[in-house]
Amino acid sequence: MRYLVSCSTTLLFIALFSGLKVAAATPDYSITHYTSQNGLPQNSAKGVELDKDGFLWIGTEAGLVRFDGQRFKLYDADHYPLMKSNRVGDLSLDTAGVLCFRDGVSLTFDSRGRMQQISQEAYLGRITRLQGGFLSVQDYSLSFSSGKKLRWSMILPELVAGGHGRFWAIQNRQCYFLNKPGLLSCVDADKRRTTVRITGLPLHLKAYAKDEPRVQGLLEHDGLLYYHTDKAIYQLTDAGSNELKATLVLEADLSDVTCFRRYPELNMYVIGTATHGVYILRRKQFEAYRHSNGYGNFYPQVPYGETGALTAFGLLYPGGSRLGFPFDVGAFRGVLRDSRGHYWLDRVFMTSSTTYNVMLIEMDEKLHELKQRFNRYGSSCIRETPDGRIWVLTSGGRRLVHVDGDSLRSLPEHCDINYGAQTFLPVDNEHFWIAGRELMALLNIRTGKQIHYKTLEQYNIEALHLDRNNVLWVGTTGKGFYAIKGDRVIKLPLDRKASLKDVHSFMEDHSGFIWMSTNNGLFRCRKADLDLFVAGKTSDVYYQCFKQESGFNINEFNGNCTPYAVVLGNGKFSFPSIDGLVQFYPDAIKELLPTSKIFVDKLLVDGKQQYLNGHSIQLRPDFKYIEVEAASPFYGNPANQYLEYRLTGLDSIWHPLNEDNKVVFNNLAHGQYGLQFRKTAGFGPGNITTTSISLFVEPFFYQTIYFKLAAIILILLLIYLVVKIRYAYLLKQNKQLEQEVANRTFHLNNANRLKEKMLMMVGHDLQSPLHFLGYLSDTNYEAVMSNQHEKAGLISREMKNASREIYAFVDELSLWARVQDERFNLKKTTFSFTSLVGELDLFFKEILGHQRNTFEFTTEENYELYTNKELLKAILRNLVENARKHTHQGVISVHCYRDSDNTCSVRVSDTGKGMTPEILGKINNLIRHSGETLDFESGNRMGYQFIIDFVTRLGMHLAIDSQENKGTVVVVSGIALQPAGLQIKKGYQTP
């Protein structure tokens, strides 16, 4: 009964206990009682109507309520300002089946579900029963109106007198009033008054004492007149001659009934009351039978007679039972009624207080014992093969035996079966399906060959059913059910609640359905749908579930027995449960299918209700969330209606809808979406009901096509600009590169030409000194040979000086050549200038002394220089050497002084013969064009080429001043000093 109450499980008990009074008088109906405690806003039901979409509307004194079979939705003045009050007293359907109601004003709903107010004239024109003139009761007056005018009105004594309950009703322009027992007063639209007699009522209702309290009332719906009295509701139909015939419709012990509605297509009666809310009644289609002592936990059964069933505890009939018949002691999981009508079952014989024997008993159709056969272990399954042979699987799967005369004969040893066998099913006289705990095999009893189905041998098999297509249906414990077709094992889909994971039985009816009992209800499915699934032609199967409110005592059925269900002699199916045998005519079951439409019931955007524009809605780009609630009226078992949704554009997978039928989406990105709802509407492939709405999330400005086009244009312009700038830059770089290549090519050509010329000049300049050195060697040899030792010493000294000059020239030439290479690594070190001059002094001391020259060195302070020592030393050595060559008996001085905070200068001067203006001009020209390759002549001034190149490479400056016969002054400036704070050891090289 829980599925009828939408609020919570606790409300189930409220509905059950409040309906006990009705249930006592209506055992053939399941009853659900709704009050203010489980869905209604208030307990006074003033009217009930079922609209064209299948929603049940209930008018109360606290608002209008819409019921979809599971949930209530309240319409009141707090949420719908068009309502003037919450006292809804008049509900009607217009010609289109749309609800109209009055709470002081006339209201209805438009096609989009919005409440709207209509005029009184429009209201009268919409209601069929009010068209062409109608009677109405107001206070104590009865009135007749037609053509928008009041034709007459009169006060009636019956209205003044009143009565208990609803004592008047209007049908077909006639107003009926309760009168004496079995009599009604009637006033028609022409003011004619008549007395109408009711026939067909029970005798005790036709006459009773005046002071006897009596519950009675008149009710009308859809042109039908009903009489409610005592514990029943009767329909009154015209029998002619001022006579109405009463036909019993429903037995219900209720008072204060205000309205009564019959919906046969829904198997539903709705009763509204003035103080006790609303009752919904459904006729039970199943019956459950217990033994007369209340016992109901049954397992195997076989038909007996037309309506009886033989169980392990005796015979059971719809009207009674015989406990312990035919045996006082009998317990078995297997029983058989064979093709001759004989019964086969076990009987226990106690041989002592602790021991017993089990006998297989054969009885005739009257349950008279025919023969006993010793059955040591008892029977778990008894079957008959087409040849009439009786086969028995003993308890525990120990043996498979058959009846042979007065005994049971086992199969040959090569046909041994697993001890896990619990049930078997003959295919023919030779082939048997054997199943049980971790066992599923096809056995040939003649050859002993067994074909095992390993997929199923990890489960516990409960039920086997072979259909007319030779497909075996297999029910397991906890693992669902399967089909074996040929060599294939196909797992069938479960229901939405997975109740079909435990399948105890399979039964096929004549309407094409297969029935399956479980631990949580009874299921049926169209067999053709399962066949299509097995064939791979469909992926979904619709299952219809029946629960306790359909007539069971409990939802849990029993299994692990044979037979697991039977067809009785009268055609009823009988299934064992833990509380009674559940019996029914399978072809007569007319359970509801979820065929109603799916409606988008509510749409909230950021908490504010919105209405669809057709089937679409536009959302602002900055919305936070959208909440959509769907509704689909269904008054059957909620497990038989399963709603799903998906949002295309975001996800293509179908998801189950929550129990409140709501779905929420947060912060959807810009774009087009489709919110789709669907449900399976019943049996058959493709039987799907869907509805959808289109959601369009507007873009932010930066997401619009205009912005994107502008952005694309801007990007293209930027790309064009970047490409253009890059192109200009590359052109510039290319030109610079071309210029640099040209310059380098020029310099390279000049350098190569210079080197070639220098090699020639070097060869020329070295030729004379080497020739002179050779001459001196010969002369020295002759002096030595002639013992002219003094002369030989002078010649040796000259040879020494010439060799040193040649070595120094070659060394500087090598250094100069290396400096000309761009890859030359100019390494800087920190060193003392004083120590550098000391090295020069040591180098030139002997030579200067030979020429009687004086070498002077002065400095303002002991400077620490930071430059390439090798190049600076070569510069100073060449300057001193040039001064030495042109000075005799003179002074050569080196003076160091600071020319800025970070640099110093070195001045090298001599008192020699100086330079001619021509030579000075050539050298100054070399200085001005330092870095360029110019032609120059060989000779003593060649050292200045080295000096200028070295000075330029070190980033220093060179200045020369000379006058003929007055000496020469050379200044090297811009020599870097050690930076402040640089902690470098002297002589340590730095990059």
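Source: prediction; values computed, not measured.

Criteria and thresholds
- Residues numbered from 1 in each chain as written.
- Predicted model: local features only at pLDDT ≥ 70, side-chain atom pairs only at ≥ 80, totals over all residues.
- Heavy atoms only, no water.
- Helix = DSSP H or I, 4+ residues; strand = E, 2+ residues; numbered from the N terminus.
- Buried < 20%, exposed > 50% of the residue type's maximum accessible area, 1.4 Å probe, protein only.
- Contact = heavy atoms within 4.5 Å.
- Areas by Shrake-Rupley, 256 points an atom, 1.4 Å probe, with all protein chains shown as cover.
- Expected span 1.5 Å × (residues − 1).
- Bend = angle between axes of the 7 residues up to and from the residue.
- Polar contact = N/O pair within 3.5 Å; in protein donor to acceptor, adjacent residues only side chain to side chain.
- Arc of directions from axis to C-beta.
- pLDDT = per-residue confidence, 0-100.
- Phe/Tyr/Trp six-rings, centres within 6.5 Å; stacked < 30°, edge-to-face > 60°.
- 1 Å grid on protein atoms, 1.4 Å probe; cavity = no way out; pocket = protein on both sides within 12 Å on 5 of 7 lines; lining within 4 Å.
- Points joined across faces, edges and corners; volume = space filled by probe spheres on them.
- Nonpolar A, V, L, I, M, F, W, Y, C, P; charged D, E, K, R; others polar.
- Salt bridge = Lys/Arg side-chain N within 4 Å of Asp/Glu carboxyl O.
- Core = buried A, V, L, I, M, F, W, Y, C linked by side-chain atoms within 4.5 Å.
- Pairing = 2+ DSSP bridges.
- Axes fitted to C-alpha atoms, helices over the stretch in contact; angles between N-to-C directions.

Novice: Account for the overall build of the protein, with residues named and values stated.
Specialist: Helix and strand counts for the protein stand at twelve helices and 68 strands. Each of the 991 residues in the protein was classed as buried or not, and the buried ones make up 48%. Taking the contacts inside the protein whose residues are at least 6 apart along the sequence as the reference set, 55% of them involve residues at least 24 apart. When the accessible surface of the protein is summed, it comes to about 48,900 Å², and 51% of that surface belongs to carbon and sulfur atoms.

Novice: Outline helix H9 (residues 833–850), supporting the account with residue identities and numerical values.
Specialist: Taking 1.5 Å per residue, 18 residues should reach 26 Å; H9 reaches 26 Å between its end C-alpha atoms and fits that length. Within H9, the axis deviates most sharply at Phe 844, by approximately 50 degrees. All buried positions along H9 are accounted for by Phe 833, Leu 836, Val 837, Leu 840, Phe 844, Ile 847 and Leu 848. Where H9 starts, the residue carrying a side-chain oxygen 3.3 Å from the main-chain nitrogen of Thr 834 turns out to be Ser 832.

Novice: Got a sec to walk through helix H11 (residues 917–928)? Specific residues and values, please.
Specialist: Along its twelve residues, H11 runs 16 Å from first to last C-alpha, staying within 8% of the 16 Å computed at 1.5 Å per residue. When H11 is considered as a whole, its buried residues turn out to be Leu 920, Ile 923, Leu 926 and Ile 927. Looking straight down H11, one finds that the buried residues subtend no more than 120 degrees of arc, so they occupy a single side. Away from its buried face by more than 90 degrees, H11 exposes Pro 917, Glu 918 and Arg 928.

Novice: I'd like a rundown of the confidence of the model for the protein, residues and numbers included.
Specialist: Summarising the model, the protein shows a mean pLDDT of 86, and 89% of its residues fall at 70 or more. Counting interchain partners and residues more than four positions distant, the pLDDT-below-50 stretch residues 983–991 has 21 contacts.

Novice: Tell me about the packing of aromatic side chains, and name the residues and values.
Specialist: This model, assessed by the stated rule, comprises 41 aromatic pairs. Taking the centre distance of 6.0 Å and the plane angle of 45 degrees together, the rings of Tyr 304 and Tyr 343 count as tilted. Separated by 39 residues along the polypeptide, Tyr 304 in strand S25 (residues 301–304) and Tyr 343 in strand S30 (residues 343–350) bring together distant segments of the chain. Tyr 304 gets classed as buried once you look at its relative accessible area, which sits at 14%.

Novice: Outline the environment of Thr 447, listing residues and values.
Specialist: Tracing the backbone through its elements, the reader meets Thr 447 in the loop between strand S39 (439–444) and strand S40 (450–452). Overall, the relative accessible area of 41% leaves Thr 447 in the partly exposed class. There is a polar contact of 3.3 Å between the side chain of Thr 447 and the backbone nitrogen of Lys 449.

Novice: Account for empty space enclosed by the protein, with residues named and values stated.
Specialist: This model, assessed by the stated rule, comprises six cavities of 30 Å³ or more. A volume near 100 Å³ is recorded for the second largest cavity. In terms of lining residues, the second largest cavity is bounded by 14 residues, among which Asn 882, Ala 883, Asp 910, Tyr 944 and Thr 968 are the most central. Classifying every residue of the lining of the second largest cavity gives six nonpolar, five polar and three charged.

Novice: Before we move on, could you go through the pattern of salt bridges and cite the residues and values that matter?
Specialist: All chains considered together, the criterion is met by 33 salt bridges. Lys 922 is paired through a salt bridge with Glu 918; the nearest N and O atoms lie 3.9 Å apart. Of this pair, Lys 922 and Glu 918 both sit in helix H11, four residues apart, roughly one helical turn. For Lys 922, a relative accessible area of 41% corresponds to the partly exposed category.

Novice: Could you give me a rundown of the nonpolar core, with the residues and numbers involved?
Specialist: Ranked by internal contacts, the top residues of the largest apolar core, which has 44 residues, are Phe 833, Leu 865, Leu 876, Leu 879, Leu 958 and Ile 960. When residues of this core are traced back to their parent elements, those giving at least two are H9, helix H10 (869–885), strand S64 (891–898), strand S65 (903–910), H11, helix H12 (943–954), strand S66 (957–963) and strand S67 (967–976). Broken down by element, this core gets its largest block of residues, eight residues, from H10.

Novice: Account for the sheet that holds strand S3 (residues 56–60), with residues named and values stated.
Specialist: The sheet built from four strands is open, its strands ordered S2-S3-S4-S5 with antiparallel pairing. Every other strand in the sheet has two partners, leaving strand S2 (47–50) and strand S5 (72–75) as the edge strands with one partner each. Going across the sheet, the axis of each strand differs from the next one's by a mean of 20 degrees, ignoring polarity. As paired elements, S2 and S3 share four bridges and run antiparallel to each other. Within the sheet, the bridge partner assigned to Glu 49 lies in S3 and is Trp 57.

Novice: Can you lay out the pairing of strand S51 (residues 580–584) for me, pointing to particular residues and giving the numbers?
Specialist: Counting buried positions along S51 gives five out of five residues, so the element sits mostly inside the fold. Burial of the side chains of S51 extends over both faces: Gly 580, Val 582 and Phe 584 are buried on one face and Leu 581 and Gln 583 on the other. Direction of pairing for strand S24 (residues 287–289) relative to S51: antiparallel, over a ladder of three bridges. Note on S51: the bridge partner recorded for Ala 288 is Val 582. In the sheet, strand S50 (residues 573–577) pairs with S51 via five bridges, with the strands oriented antiparallel. Each residue of the ladder has a partner; that of Ser 577, found in S51, is Gly 580.

Novice: Quick one: what's the story with the sheet that holds strand S47 (residues 521–526), residue by residue and with numbers?
Specialist: Pairing within the open sheet is antiparallel, and its four strands lie in the order S45-S46-S47-S48. Each of the sheet's edge strands pairs with one partner strand only, and the pair in question is strand S45 (507–508) and strand S48 (544–546). Here S47 runs beside S48; their pairing, made up of three bridges, is antiparallel. Residue Leu 522 lies in a different strand from S48, and its bridge partner there is Phe 546. With respect to the sheet, helix H6 (residues 527–534) is in contact with S45, strand S46 (513–518) and S47, its orientation differing from that of S47 by roughly 70 degrees.

Novice: Please give an account of the pairing of S39 that cites residues and values.
Specialist: Where a strand is regular, its side chains alternate between the two sheet faces. Of all six residues that make up S39, six are buried, and the element is covered over most of its length. Every second residue of S39 is oriented toward a common face, with Leu 439, Ala 441 and Leu 443 on one face and Met 440, Leu 442 and Asn 444 on the other, all of them buried. The sheet contact formed by strand S38 (residues 431–436) and S39 spans six bridges and is antiparallel. Its bridge partner being in S39, Phe 432 is matched across the sheet by Leu 443. Two strands pair when backbone bridges link them, and S39 and S40 are joined in this way by three bridges, in the antiparallel orientation. Within S40, the position partnered with Leu 442 by the bridge is Ile 451.

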